[in-house]
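Residues per chain, in single letters:
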Amino acid sequence: MLKKLEGYDLIILTMVVVLTCFGVVMVYSASSIMAEKKFHDSFFFLKRQGLYAVLGFIIMYAAMRTDYHLWSKAAVPVLIICLVCLVLVFIPGVGGSVKGATRWIRFPGFNFQPAELAKVALIIFMAYSLDRKQEQIRWFKGLVPYMLVLMLMIGLLMIQPDMGSSMTLAGVAMVMLFAAGMRVSHVISIVLFSAPFVYYAIRHKEYRWRRITSFLNPWADPGNTGFQIIQSWLAFGTGGITGQGLGEGKQKLFYLPEAHTDFILSVVGEELGFIGTVTVAAMFFLLVHRSIRVAVYAEDSFGRFLALGIAVLIGAQAFVNIAVVMGLLPTKGLALPFISYGGSSLILSLFSIGILLNISSRMRGLP
Amino acid sequence: MRDDREKWTRFRIRFIGGIFIVLLSVSVARAFFLQIYEQERFARLAEKQHIKVVQLIPSRGAIFDSTNSALAVSIDMDSLYAEPRNMENVSEAAAQLAPVIGMTKEVLEKKMSGNKGFVWLARRLTPEVAKAVRTLEIDGIGFAKEPKRFYPNAEIGSHVVGFTGLDPEGLEGIERKFDSTLLGNTGFMVTERDALGRDIGTRGMMMKSASIGQSLALTIDKNIQYIAEKELAAAVESSKAKGGIAIVMDPQTGKLLAMANYPTFNPNSFGKYPPQALRNRAITDSFEPGSTMKVFLIAAALEEKAVKAEDAFNCENGSYNIGGRTIHDTHKYGRLSVGDILKHSSNIGAAKIGVRLGPERLYGYLRGFGFGAKSNIDLPGEVTGYLRNKSQWYGVDLATISFGQGISISAIQLASAMSAIANGGNLMQPYVVDRVVDTKGNPIKQFSPVVKQKVVSPETARIVANMMEGVAAEGGTGTAAGVDGYKVAGKTGTAQKADPVTKGYSQDKRTASFVGFVPSDHPRLTILIVVDEPKTSPYGGVVAAPAFSAIAKQSLCYLRVPPNQPLKKKPGVIEVKKALPVIAEASESTEEITLDSQNSGGLVMGNFRGMSMRQVLQTMEKRGMNIRLIGSGRVIEQSPPPGRRITPSDPVWVRLAPSA
């Protein structure tokens, strides 16, 4: 077994395995009492997250053992499947909605969130395309195909609506284009061009606007819109340096509405303190740092862009989530990769890490 | 061109990687701000939220003896809390409550100040006080059930059972060793609706009761434990000793039937006792065993065929020079057989057998009998004792270790080793927890006897047992250990205590012991008595052997082990009584007020503990004494204490309480 791991970036592998297992524990801690109340089974979320982790590890291992050039050939079909899925969520009987958002495709026994697939599919497609047409990026004309694909995906996501995933997709795509050589002036003009649309999207929807205002001053309405972020702060504050002890947190019981999903880091902060929070942040940083290294030394440019996309996808989601729960960014509905509860997110994150690990086994030009 | 582009791409990727350093720094700085810099402010805000989650302490499981009588139980008591935010007039409520719960109005008001959501006012009130508070019908106060640990049998088995602190945390004994088993799951309750003005409808919703822990059934038998404690106390008091240890063990299984320490303590009020009184010295202290070691020396020598039972040794008329030191016997002997060396406890004979056996084999067998290693009994705080490795034995060491000097052991080690002789050569794992049971009494986990190792053959054990019968027989050093109707095998021990000041042996401080088993042909009980620093006589045969006899006699009767030897006198009253009432009746028949004819013709106060009112009155009537009886039930306290000389004009009283 150990022999089979030779040549892969074992730091990435270790970080991911540790973060995932830690996530299973934290999901249990954050959800057990709520699950007991709701489902009469305190292990409800633990069992599912544990199963997702096992499935995810199997898929990660398979991807790790698969030559990543396969994804170059699969790029266009995967993109098409993904777009179909994004449309399928709106078909009654197939799609499912929770709290006014239509995000899931229902399968017997589980729900699948195509937005998670969209992130991976877009990265694979862009890496495939940039590998072949990198030099055209310098001209505006070369950017148009990417912009069209991106706008199509974002358009479908915004109907759900899923602003968090849309922003993630846009961010990762921009970073990949920038790395491929897009002019800084183009970056700025695209951002300026899309700004009114983003503003419209936020201003138009009452709840999004409230998120912004409550982010700017949560104490203006602490019992309502500012509630979530204030409670998150209280959780972090209660944790102090060393925390209340695993499973001892109280904020998750009544105050943190998404304790086992988006706000799971607040539970970590309360139960494991500053030490726990910083350890998690540092592990994500190390993971990203090693993934960037894989991108730098990848053997070809397809591998390079693929590794970069995956590194940025994981890293951006992680640090945006951290910033949100600590009140540095407005709430978005983004999960913390590997740790937050959620099968689609966990399995697809592990899948993308599998691809990354395969790239890491074929690096060249290492110092 | 292509290489250039690749270089440029790599540069941009590195730049993107650099951004994450900034992101990490910002995250850490923000975490520092929230969790360390502003920690107090946020923690206080969290504390102040209207919804208050109050932890409910779980009820500990009970501890039973082998007869299913409770040694430790948890009783739910009412704890009083207030929700000041829901109270109309805090000051008035405080004034009403203060006299009832015995606190001042000021203290109560202070507790309820600050518009808090929840505050404890008084924990674990007695039912009378709780009832009185309820009749006040004050708004904004309430009761939560909290368990309190209670030891119904007070001193009986207290050193084994141990005790808990105010938090339900085991501090000593079984309570400590099995803390996690006994402890239940913490529950919590919600006392009020939300804080920041938002009604999230949780009032009374998320409430999880504390769940009770698992219970334990011990191998300790309360009745034998009582007998052992009573007789140990008598032995220590009559010899004016500092303290003592008694162990009663089932030699076939390693189950402890009793483990007693003197002085004792009452775990219901352990705080009143000095820390050293709380120690279970049977496992936490080690002592020099002295002559009791000869049993294991001879067993080893016979097993190794270094000597034969009929071999005789010249005991040098009581004085013998070996390894540059002269060793002495208490009495002068010429030639003694191996059995007689044991019977008369000749140090010189033992030293010679030790030399015949050699240090390697002696060391090996001492380890085999469990000395120099923890017994791993399921009680906390065990000591290893002191048995030097054979490579560090010099000069006279082999000789002195042969008769139990220069080695230190714990009482549990000695009792376990003796059980190995009793049961045909197997060193058993000693244990006190028989099984873990759930709240309904169904067993969850059963502990079974474990043979740690086979030390000697059944034949050797048999020969040694026969020799040990000589000790308790006519002419032996432990005649006082004899039990009418049964064959007793045993060995006396008298050791000088090491003096920490002179580094030599103290002249007047001794450890007197007796260890043995009964009936010697089919051993049911291994009994060890250790008396620490007796003043009246230093000898185990005088100080400890009578307690052995008394415990053996009463326990065998209680266990209904039929006598298999001709009786010297008619069976006494206690020997036909039923099992359970033995406690009371044993005290009646053996602890009467006795006439002290030698001195001044006065009376000596007996031990009334555990007697019924009728028994007390009968006893006192016989002696023509006036006694004041306080309360009803069985005697729990008396004045003057047992053993004090009294005259008919002295005030004598006993306090009685209903038995548990």
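Notes on the structure in this doc start here. (Residues numbered from 1 in each chain as written. Chains lettered and ligands numbered in written order. Predicted model: local features only at pLDDT ≥ 70, side-chain atom pairs only at ≥ 80, totals over all residues. Heavy atoms only, no water.)

### A few points about the overall build of chain B
For step 1, the next point in the chain: Broken down by element type, chain B carries 22 helices and 28 strands.
For step 2, the next point in the chain: Taken across its 660 residues, chain B has 54% of its residues classed as buried.
For step 3, the next point in the chain: A separation of at least 24 residues holds for 70% of the contacts in chain B among residues at least 6 apart in sequence.
For step 4, the next point in the chain: Accessible surface, chain B: about 29400 Å² in total, of which carbon and sulfur atoms supply 52%. (Helix = DSSP H or I, 4+ residues; strand = E, 2+ residues; numbered from the N terminus. Buried < 20%, exposed > 50% of the residue type's maximum accessible area, 1.4 Å probe, protein only. Contact = heavy atoms within 4.5 Å. Areas by Shrake-Rupley, 256 points an atom, 1.4 Å probe, with all protein chains shown as cover.)

### Some points on the overall build of chain A
For step 1, the next point in the chain: Regarding its fold elements, chain A presents 13 helices and three strands.
For step 2, the next point in the chain: A total of 367 residues make up chain A; the buried ones form 57% of that total.
For step 3, the next point in the chain: Long-range contacts, defined as pairs at least 24 residues apart, comprise 73% of the intrachain contacts of chain A with a sequence gap of at least 6.
For step 4, the next point in the chain: For chain A, the computed accessible surface area is about 14800 Å², with 68% contributed by carbon and sulfur atoms.

### Some points on the pairing of strand S12 (residues 319-322) of chain B
Residue and element names in this part refer to chain B.
For step 1, the next point in the chain: Judged from the four bridges that link them, S12 and strand S13 (residues 325-328) form a sheet pairing that is antiparallel. Directly across from Ser319, in S13, lies its bridge partner His328.
For step 2, the next point in the chain: Remark: two residues form the turn of the hairpin made by S12 and S13, two consecutive strands paired antiparallel; Gly323 in that turn has positive phi of roughly 55°. (Pairing = 2+ DSSP bridges.)

### Quick look at the pattern of salt bridges
Working definition: two side chains of opposite charge can pair if their charged atoms are close together.
For step 1, the next point in the chain: Within the structure shown, the criterion is met by 28 salt bridges over all chains.
For step 2, the next point in the chain: Glu175 of chain B is paired through a salt bridge with Arg149 of chain B; the nearest N and O atoms lie 2.8 Å apart. With Glu175 of chain B in helix H7 (residues 173-177) and Arg149 of chain B in strand S5 (residues 141-150), the pair connects residues that are 26 residues apart, well separated along the chain.
For step 3, the next point in the chain: Overall, the relative accessible area of 0% leaves Glu175 of chain B in the buried class.
For step 4, the next point in the chain: Note that Arg281 of chain B and Asp285 of chain B form a salt bridge whose closest N and O atoms lie 3.2 Å from each other.
For step 5, the next point in the chain: Classification of Arg281 of chain B by relative accessible area gives partly exposed; the value is 23%.
For step 6, the next point in the chain: Because the salt bridges share partners, they merge into one network encompassing Arg304 and Arg364 of chain A together with Glu6 and Arg10 of chain B. (Salt bridge = Lys/Arg side-chain N within 4 Å of Asp/Glu carboxyl O.)

### Here's the deal with the nonpolar core
For step 1, the next point in the chain: Counting residues in each nonpolar core, the largest one holds 131 residues, and the members touching the most others are Met153, Phe284, Leu287, Leu306, Phe338, Ile353 and Ile355 of chain A.
For step 2, the next point in the chain: Element by element, the count of residues in this core is highest for helix H11 (residues 264-297) of chain A, at 17 residues.
For step 3, the next point in the chain: Residue contacts for Leu287 of chain A: discarding those within four places in its chain leaves Ile12, Met15, Val16, Leu19, Ile314, Phe338 and Ile353 of chain A.
For step 4, the next point in the chain: Counting residues in each nonpolar core, the second largest holds 125 residues, with Tyr151, Met418, Ala481 and Ala547 of chain B among its members. (Core = buried A, V, L, I, M, F, W, Y, C linked by side-chain atoms within 4.5 Å.)

### Quick look at helix H9 (residues 227-239) of chain A
The α-helix advances 3.6 residues per turn, and as a result positions three or four apart in sequence lie on the same side.
Residue and element names in this part refer to chain A.
For step 1, the next point in the chain: Between the first and last C-alpha of H9 there are 18 Å, a value that for 13 residues agrees with the 18 Å anticipated at 1.5 Å per step.
For step 2, the next point in the chain: Counting buried residues along H9, twelve of its 13 residues qualify, which places the element largely inside the surrounding structure.
For step 3, the next point in the chain: Along H9, the positions that sit buried rather than exposed are Phe227, Ile229, Ile230, Gln231, Ser232, Trp233, Leu234, Ala235, Phe236, Gly237, Thr238 and Gly239.
For step 4, the next point in the chain: Gly240, located one to two residues past H9, shows a positive phi value of around 60°. (Expected span 1.5 Å × (residues − 1).)

### Let's talk about the state of the cysteines
A disulfide bridge is the covalent bond that connects two cysteines by way of their sulfur atoms.
Residue and element names in this part refer to chain A.
For step 1, the next point in the chain: Inspection of the entire model under this criterion finds zero disulfides over all chains.
For step 2, the next point in the chain: With no disulfide partner, Cys82 has as its closest neighbouring cysteine sulfur the one in Cys85, 6.7 Å distant.
For step 3, the next point in the chain: Owing to a relative accessible area of 13%, Cys85 belongs among the buried residues under this scheme. (Disulfide = S-S within 2.5 Å.)

### A closer look at a nonpolar patch on the surface
For step 1, the next point in the chain: Taken together, the side chains of Leu328 and Leu329 of chain A together with Val22 and Val26 of chain B define a hydrophobic patch exposed on the protein surface, amounting to about 280 Å² of accessible area.
For step 2, the next point in the chain: Structurally, Val26 of chain B can be placed in helix H1 (residues 2-37).
For step 3, the next point in the chain: Residue Val26 of chain B is classed as partly exposed on the basis of its relative accessible area of 40%. (Patch = residues over 30% accessible without salt bridge, like charges linked within 9 Å, V, L, I, M, F, W, Y side chains within 5 Å.)

### A short note on the packing of H11 of chain A against helix H12 (residues 301-325) of chain A
All names here are of chain A.
For step 1, the next point in the chain: Closest axis-to-axis distance for the H11/H12 pair is 9 Å, and the angle between their directions is 160°. In terms of axis orientation, H11 runs roughly antiparallel to H12. Note on packing geometry: the crossing formed by H11 with H12 is left-handed. Contacts between H11 and H12 involve Leu265, Ser266, Ala281, Phe284, Phe285, Leu287, Val288, Ser291, Ile292, Val294, Ala295 and Val296 on the former and, on the latter, Arg304, Ala307, Leu308, Ala311, Ile314, Gly315, Ala318, Phe319, Asn321, Ile322 and Val325.
For step 2, the next point in the chain: Across the contact of H11 with H12, the residue classes tally to 18 nonpolar, four polar and one charged. (Axes fitted to C-alpha atoms, helices over the stretch in contact; angles between N-to-C directions. Parallel < 35°, antiparallel > 145°, perpendicular 65-115°, else oblique. Left-handed = near helix turned anticlockwise from the far one by under 90°. Nonpolar A, V, L, I, M, F, W, Y, C, P; charged D, E, K, R; others polar.)

### A few points about helix H20 (residues 545-558) of chain B
All names here are of chain B.
For step 1, the next point in the chain: Compared with the 20 Å implied by 1.5 Å per residue over 14 residues, the 20 Å span of H20 between its first and last C-alpha is a close match.
For step 2, the next point in the chain: The set of residues buried in H20 consists of Ala545, Ala547, Phe548, Ser549, Ala550, Ile551, Ala552, Gln554, Ser555, Leu556, Cys557 and Tyr558.
For step 3, the next point in the chain: A positive phi of about 55° marks Arg560, the residue just after H20.

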